[in-house]
Amino acid sequence: MAAPSTRFVFSVLGRFWHLLDGLRRALMNLLLLALVVAALVGWLRREPAPLQDKTALVLAIQGPIHEQFAGSVRENAIEQAQGRSIEQTRLRDVLGALDAAAHDPKIARVLLVLDDFAGAGMPTLREVAAAVDRVRAAGKQVVAWGTGYDQRQYYIAAHADEVWLDPMGSVQIQGFGGYRNYYKDALDRLGVAVHVIKVGQYKNFGEAYVANAPSPQTTEEDSQLYGALWASYAQGVEKARRLAPGSLQALLDAVPERLAAAGGDEAKMALDAHLVDALETREQMRATLIERGARDGQSFRQIGFQNYLAHIKPATGGDALAVIVAEGEIVDGQADGGAIGGESTAELVRQARNDEHVKAIVLRVDSPGGSAFGAELVRRELALARKAGKPVVVSMGDVAASGGYWIATAADEVIADADTITGSIGVIAILPTAEKTMAKLGLHTGGYTTSWLVGAYDPRRGLDPRMEQLIQSSIDHTYAEFTARAAEARKTTPQQIDRVGQGRVWTGSQALARHLVDRNGSFADAIQAAARLGGLGASPRLDYFEREPGRLERLIALIGTRVAAELGSSSASGAWPLLALGGSNPALGDIAHQLAWLGDLGRGRKPFEAVAHCLCTAP
C-alpha cells in the first residue's frame, strides 16, 4: 500500500489536473463563443448584394397597413427569427421603399402585387397611391398584377400605369357602409341590462347594447360620412383610370346587366369597363416583364419589398424631427404597439422633449379613442413639449376621433387627410348589470356595508339611481373639459364646439369646414410644417420614438431580418402565394369582440370609467 503522504500528493495532483483541464475547456469554449459571435455579427452587418440594372421592385404588401407593428417587440422579433413574415406592413416602409425606388437608377419599374394586402383606411390608401404617383412622375413604370382585387387593393392598383388581372379573377368594388349587430333583445333574454350614460346625441358607441336598430342620429351621421368617403374613393379611381365622372357608380348600378353581357366572365367585365388593361396569367406576366426588363433564372430580375429596405440608408446624426405614433385604442397605463398607453405614449413624448437634438414633434394619430384619462396624460406631455419650445404638429391618419381628437388639442397645428374620420367630441360610460340573470338562476346576493358607495356598482345587482346620478355628473364634467380644451385649441368658445361636437364624427374635409382642424394634408405635409416650425431644413432627419427593444430583442430582430432576406433571395422565382378561399366571418368576429368588451366592463377594477370612444372604424 502507498504511504499516506504519497496518496495525498497524488490527490493534490489529480485535483490540480482536473482544475487545469476545466480551465482549458472553459478558455476553449469562450474562444469558440467569441468566434461564433464575431462571425454572426459580421454576417448580420454585411452589406446587401448590390442591385443590378433593370431590376423590378416587387411591392407585395402582406396583411393590413399600420402606422406601427401591432404586438410586442419581442413577439415580432421571434416571428422574424423563425423565418415567418409578420402579417402586417408599416406605412413608413411602403412609402420609404417607393420614394427610394423613384430615384434609384437600378430600379427600372415597380410591380404591385396586392393579393395579400388586407386593407387600410382611405387616408392610408391615398398616401400609398400618392407615392405610386411619385414613382411614375420620376419616369418609372408601375404595373399592378393580381389574381383579383378587392375594393382597397384596387384603389392602389388603379394608380399604376397598367393594371393586369388574372383571366379567372375579378375586381370587387362594392361601395362603403355596412350593417352593425344590435344586442338589446338578446341581452334582455339573458337578463342583462346595459346602462349607457353619455353626453352627445350622436355619441353612439353604446347604442348596440341598448337598441335593436340604429338611431335616426346614427343613420344621418352614417349617410353623410360614408357618402363623402365613397365620393372621394370614386373620384380618385376615376381620375387615376381616366374614366368619366360617375362611371364607377354607374357600373355598380348595372353590374347584373354588365356581367350578363360579358357572358358571366367577371374578368372580361372588368376589362370591358376599363378597370383593367389586360388579362394575364402569372406566367404571361413574368414573360412580359422579362421582355421589358431582364431575365434572372426562371423569372424577371427583381427584388422584394422587404429586401429592398436593407438598401435604404437612414440619415444619422444632427438635429432631428421626432415622430411618435399614437395608434389604436387608448388605455391608461402601458401598451405595446397597436394600442396607445397613456403612460407609455406620454413617456415617449417626454423622451422627445428632453432630447436636445429634437427640434419639433410630429404626433401621428390613428385612434378611435378610449380612456379619457389616458388621452389626457398624452395631451399634458405634448403641452409640456410646446412649453419647452418644441413645436407639435398632429398628423391625423385613418381615424382620429373622440380620445384621438382629445390628444390633438395640444398641437400647434392639426393636419388631417380629407378622408380622416375625426371629431366625435363626446363622453360615455357603459355599465352592464345582470340582476335579472341572477334571479333566473336562483342566485342572490346579500351583505352589510357602512356606506351605499360600497358596491354601488355591482354587476350582480341593479344600478343604484344615486350612482347613476353621480356618473352622469362626472360625464358632464369630462365633456365640459373636452369642449373647453378643444375650444382653447381652436380659438373659439365651448358653445361653438358643442354645436359641432355632441359625439358626431366628420370626415377631414367636413372637420376643416367646421374649424376642427387647421388644414387637410398628408403625413409629408405635417413633416414639412413641423420642420418649418422647428427651424429645420426641407428634408429633416426623422427620428421615430418607440419603445426600445432589449439587447436580446435587437439580436433576434437582426437575425430575423437576415433570415428573411436569405429566404427571399433563395426564392427568386417570384412565386407569391395565392389568396386562400374561405376565411373567418367578420360579422361573427364583431359579435365576439363587442360582447367580450362588454364583459370586460363588468370585470373592471374601477366603479366606472369615462370613455372618449367612437363607434367608428375606417371603411
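Quick notes on the rules
- Every chain's residues receive numbers from 1 upward, in the order its sequence appears when written.
- Only residues with pLDDT of at least 70 are given local features in this predicted model, and only at 80 or more are side-chain atom pairs given and counted; all residues enter the totals for whole chains, interfaces and linings.
- Side-chain figures throughout are based on the complete set of non-hydrogen atoms in the structure, without hydrogens or water.
- Secondary structure elements are taken from DSSP: a helix is a run of H or I of four residues or more, a strand is a run of E of two residues or more, and numbering for both begins at the N terminus.
- Burial classification: accessible surface area is computed with a 1.4 Å probe over protein chains only, and a residue below 20% of its type maximum counts as buried, one above 50% as exposed, and the rest as partly exposed.
- Two residues form a contact once any of their heavy atoms are found within 4.5 Å.
- Per-residue and other accessible areas were derived by the Shrake-Rupley procedure at a 1.4 Å probe size, with only the shown protein chains allowed to occlude residues.
- Two strands are counted as paired when DSSP detects at least two bridges linking them.
- Between the N-to-C directions of two axes lies an angle of 0 to 180 degrees, each axis being a line fitted to C-alpha atoms and, for a helix, fitted only over the stretch in contact.
- Helix span, expected: 1.5 Å multiplied by one less than the number of residues in the helix.
- Each residue carries a pLDDT value, the predictor's own confidence for that position, ranging from 0 to 100.
- Counted as a polar contact is a pair of N or O atoms within 3.5 Å, where, for protein atoms, one must be capable of donating a hydrogen and the other of accepting one, and residues adjacent in sequence contribute only when both atoms are in side chains.
- The salt bridge criterion pairs a side-chain nitrogen of Lys or Arg with a carboxyl oxygen of Asp or Glu, the two atoms within 4 Å.
- Like charges within 9 Å and nonpolar side chains (Val, Leu, Ile, Met, Phe, Trp, Tyr) within 5 Å are joined into patches, using only residues over 30% in relative accessible area that form no salt bridge.
- Angle categories are assigned with fixed cut-offs, so that under 35 degrees is roughly parallel, over 145 is roughly antiparallel, 65 to 115 is roughly perpendicular, and the rest are oblique.
- Polarity classes work like this: nonpolar for Ala, Val, Leu, Ile, Met, Phe, Trp, Tyr, Cys and Pro, charged for Asp, Glu, Lys and Arg, and polar for all others, with Gly in that last group.

**Considerations on the overall build of the chain**
Working step 1: Looking only at helices and strands, the chain features 23 helices and 27 strands.
Working step 2: A burial count over the chain gives 47% of its 619 residues as buried.
Working step 3: For the chain, contacts bridging at least 24 residues in sequence account for 77% of all contacts bridging at least 6.
Working step 4: Only carbon and sulfur atoms are counted for the fraction: they give 56% of the accessible area of the chain, which is about 30,100 Å².

**Examining the sheet that holds strand S11 (residues 278-279)**
Working step 1: The parallel open sheet is built from 6 strands, whose spatial order is S11-S8-S6-S4-S1-S14. Strand pairing shows two members of the sheet lacking a second neighbour, S11 and strand S14 (302-304), which therefore form its edges.
Working step 2: Direction of pairing for strand S6 (residues 141-146) relative to strand S8 (residues 162-165): parallel, over a ladder of 4 bridges. Across the sheet, the residue bridging to Trp-145 is Trp-164, located in S8.
Working step 3: In this fold helix H3 (residues 91-102) packs onto strand S1 (55-60) and strand S4 (107-113), with an angle of close to 165 degrees to the strand it touches most, S1.
Working step 4: Contacting S4, S6, S8 and S11, helix H12 (residues 282-292) runs over the sheet at an angle of about 145 degrees to S8.

**Section: H3**
Working step 1: The end-to-end C-alpha distance of H3, which contains 12 residues, comes to 17 Å, matching closely the 16 Å that a straight helix rising 1.5 Å per residue would cover.
Working step 2: By the criterion of burial, H3 is predominantly enclosed, with 9 of the 12 residues buried.
Working step 3: Three or more residues of H3 are buried, namely Leu-91, Arg-92, Asp-93, Val-94, Leu-95, Ala-97, Leu-98, Ala-101 and Ala-102.

**Digging into unusual backbone geometry**
Working step 1: Phi is positive for Lys-54, which is not a glycine, with a value near 60 degrees.
Working step 2: Mapped onto the fold, Lys-54 is located in the loop between helix H1 (4-45) and S1.
Working step 3: A positive phi angle is found at Ser-424, which is not glycine, with a value near 55 degrees.

**Things to note about the pairing of strand S18 (residues 358-367)**
Working step 1: Taken across its 10 residues, S18 has 9 buried, putting it largely inside the fold.
Working step 2: As paired strands, strand S15 (residues 320-327) and S18 are joined by 8 bridges and run parallel to one another. Note that in S18 the partner of Ala-326 across the bridge is Val-365.

**Examining the confidence of the model for the chain**
Working step 1: On average, residues of the chain score 86 in pLDDT, and 82% of them are at 70 or above.
Working step 2: In the model, residues 551-588 has pLDDT below 50 throughout and makes 59 contacts with residues more than four positions away in sequence or in other chains.

**Regarding the side chain of Lys-140**
Working step 1: Residue position: Lys-140 is located in the loop between helix H4 (122-137) and S6.
Working step 2: There is a polar contact of 3.5 Å between the side chain of Lys-140 and the backbone oxygen of Ala-102.
Working step 3: When near neighbours in sequence (up to four residues on either side) are disregarded, Lys-140 contacts Ala-101, Ala-102, His-103, Asp-104, Ile-107, Ala-108, Val-135 and Asp-161.

**Looking at the pattern of salt bridges**
Working step 1: Applying the stated criterion across every chain yields a total of 28 salt bridges.
Working step 2: Notably, a salt bridge pairs Lys-106 with Asp-53, separated by 3.0 Å at the nearest N-O pair. Of this pair, Lys-106 sits in the loop between H3 and S4 while Asp-53 sits in the loop between H1 and S1, and the two are 53 residues apart along the sequence.
Working step 3: Overall, the relative accessible area of 31% leaves Lys-106 in the partly exposed class.
Working step 4: Since its relative accessible area comes to 45%, Asp-53 is described here as partly exposed.
Working step 5: The residue Arg-460 makes a salt bridge to Asp-458 at a minimum N-O spacing of 2.7 Å.
Working step 6: Residue Asp-458 is classed as buried on the basis of its relative accessible area of 14%.
Working step 7: Each of the salt bridges in this network shares a partner with another, and the network as a whole consists of Glu-376, Arg-379, Arg-380, Glu-481 and Arg-485.

**Some remarks on the side chain of Glu-127**
Working step 1: Here Glu-127 is to be found in helix H4.
Working step 2: In this structure the side chain of Glu-127 is engaged in a polar contact, spanning 2.7 Å, whose partner is the backbone nitrogen of Phe-523.
Working step 3: When residues no more than four places from it in sequence are discounted, the contact partners of Glu-127 are Leu-91, Leu-95, Arg-364, Ser-522 and Phe-523.

**Quick look at H4**
Working step 1: With 16 residues, H4 extends 22 Å between its outermost C-alpha atoms, agreeing within 8% with the 22 Å of an ideal straight helix rising 1.5 Å per residue.
Working step 2: Taken as a whole, H4 has its buried residues at Met-122, Pro-123, Thr-124, Leu-125, Glu-127, Val-128, Ala-129, Ala-131, Val-132 and Val-135.
Working step 3: Two residues or fewer after H4 comes Gly-139, characterised by a positive phi angle close to 90 degrees.

**A word on a nonpolar patch on the surface**
Working step 1: Taken together, the side chains of Phe-16, Trp-17, Leu-20, Leu-23, Leu-27, Leu-30 and Leu-33 define a hydrophobic patch exposed on the protein surface, amounting to about 770 Å² of accessible area.
Working step 2: Within the fold, Leu-20 resides in helix H1.

**A word on the sheet that holds strand S2 (residues 63-66)**
Working step 1: The 3 strands are arranged S3-S2-S5 in an open sheet whose pairing can be described as parallel. Of all the strands in the sheet, the pair left with one neighbour each is strand S3 (89-90) and strand S5 (117-119).
Working step 2: As paired strands, S2 and S5 are joined by 2 bridges and run parallel to one another. Paired with Pro-64 across the two strands is Gly-119, which belongs to S5.

**Thoughts on the packing of H3 against H4**
Working step 1: Between H3 and H4, whose axes approach to 8 Å, the crossing angle comes to 10 degrees. When the interaxial angle is binned, H3 and H4 end up roughly parallel. Along its contact with H3, which presents Leu-91, Val-94, Leu-95, Leu-98, Asp-99 and Ala-102, the element H4 presents Thr-124, Glu-127, Val-128, Ala-131, Val-132, Arg-134 and Val-135.
Working step 2: When the residues that make up the contact of H3 with H4 are grouped by side-chain class, the tally is 9 nonpolar, 1 polar and 3 charged.

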